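Coordinates in review
These are the residues of each chain, in order.
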Amino acid sequence: MKRSTSALLLAGVLFAGAGAWFGWHKMAPAAPQTAAVANLFGMTLPDLKEQPQPLAQWKGKVLLVNFWATWCAPCVEEMPELSVLQTELAEKPVHIIGIGIDSPTSLREFALKMPVSYPLYVGGMGGSELTRQFGNQAGGLPFSVLISSDGQVRKTYLGRLNMQEVRRDIAGL
């Protein structure tokens, strides 16, 4: 009886591990499409004051693009840390921008409660499509993309950011 219980327990652990592995690989971002960065820089999105902002203004800079939503708890949790990071990077040609996958009203109301030190843009559903172009096939949030000054995607992050990892990745550029 003990042997069969141990065997069942072992089988359960193995199946759980295999399920987690397959689940992670299904959720892990795919390779970005070749045109994703060009599409990003070709967009003009409204800022929270409803002023159109060409994203081409960020070309030639190291850029961390953070896709987020007001209803996404991990997104909201990482925003103060991103704000601190942007303040740390103020003297460097590195910038963080947030693209909200939400309604303009929700984003404006949120920004009044939690101001950040980096620009926020209204991406709406077009922002969701852009995350897919960057490899976020599952459409999960938060989703961030690190783009080098030469316009190459250096890394994508699905889920809440580890700021130490992001700092290392930025320093490596």
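Our subject is the structure that appears above.
Summarised in this report is the structure supplied together with it. None of the values given here were measured: they were computed from a predicted structure.

Right, let's talk about the environment of Ser83 for a bit. Relative to the assigned elements, Ser83 resides in helix α3 (residues 73–88). The class of Ser83 is buried, set by a relative accessible area of 13%. For the pair Ser83 and Ile96, spaced 13 residues apart in sequence, the C-alpha separation works out to 8.5 Å.

It is worth spelling out the packing of aromatic side chains at this point. By convention here, two paired aromatic rings are described through the distance between centres and the angle between planes. Evaluation of the coordinates by the stated rule reveals 3 aromatic pairs. A centroid spacing of 6.5 Å and a plane angle of 45° characterise the contact between Phe67 and Phe134, whose relative ring orientation is tilted. Residue Phe67 is found in strand β3 (residues 62–68), and its partner Phe134 is found in the loop between α5 (124–133) and β6 (143–147); the two are separated by 67 residues along the sequence. With relative accessibility at 0%, the residue Phe134 sits in the buried group. On the numbers, 6.3 Å between centres and 35° between planes, the contact of Phe67 with Phe143 is tilted.

So, on to the pattern of salt bridges. Evaluation of the coordinates by the stated rule reveals 7 salt bridges. The partner of Glu81 in a salt bridge is Arg160, with the nearest N and O atoms 2.6 Å apart. Here Arg160 lies in the loop between β7 (153–158) and α6 (163–171) and Glu81 lies in helix α3, a separation of 79 residues in the sequence. Residue classification places Glu81 among the partly exposed positions, given a relative accessible area of 29%. The exposure class assigned to Arg160 is partly exposed, which follows from its relative accessible area of 39%. Of the charged contacts in the structure, one is a salt bridge between Asp169 and Lys155, with a shortest N-O distance of 3.2 Å. Of this pair, Asp169 sits in helix α6 while Lys155 is found in strand β7, placing the two residues 14 residues apart along the sequence. Among the charged side chains, a salt-bridge network with shared partners connects Glu77, Glu81 and Arg160.

Conventions used here
Residues numbered from 1 in each chain as written. Predicted model: local features only at pLDDT ≥ 70, side-chain atom pairs only at ≥ 80, totals over all residues. Heavy atoms only, no water. Helix = DSSP H or I, 4+ residues; strand = E, 2+ residues; numbered from the N terminus. Buried < 20%, exposed > 50% of the residue type's maximum accessible area, 1.4 Å probe, protein only. Phe/Tyr/Trp six-rings, centres within 6.5 Å; stacked < 30°, edge-to-face > 60°. Salt bridge = Lys/Arg side-chain N within 4 Å of Asp/Glu carboxyl O.

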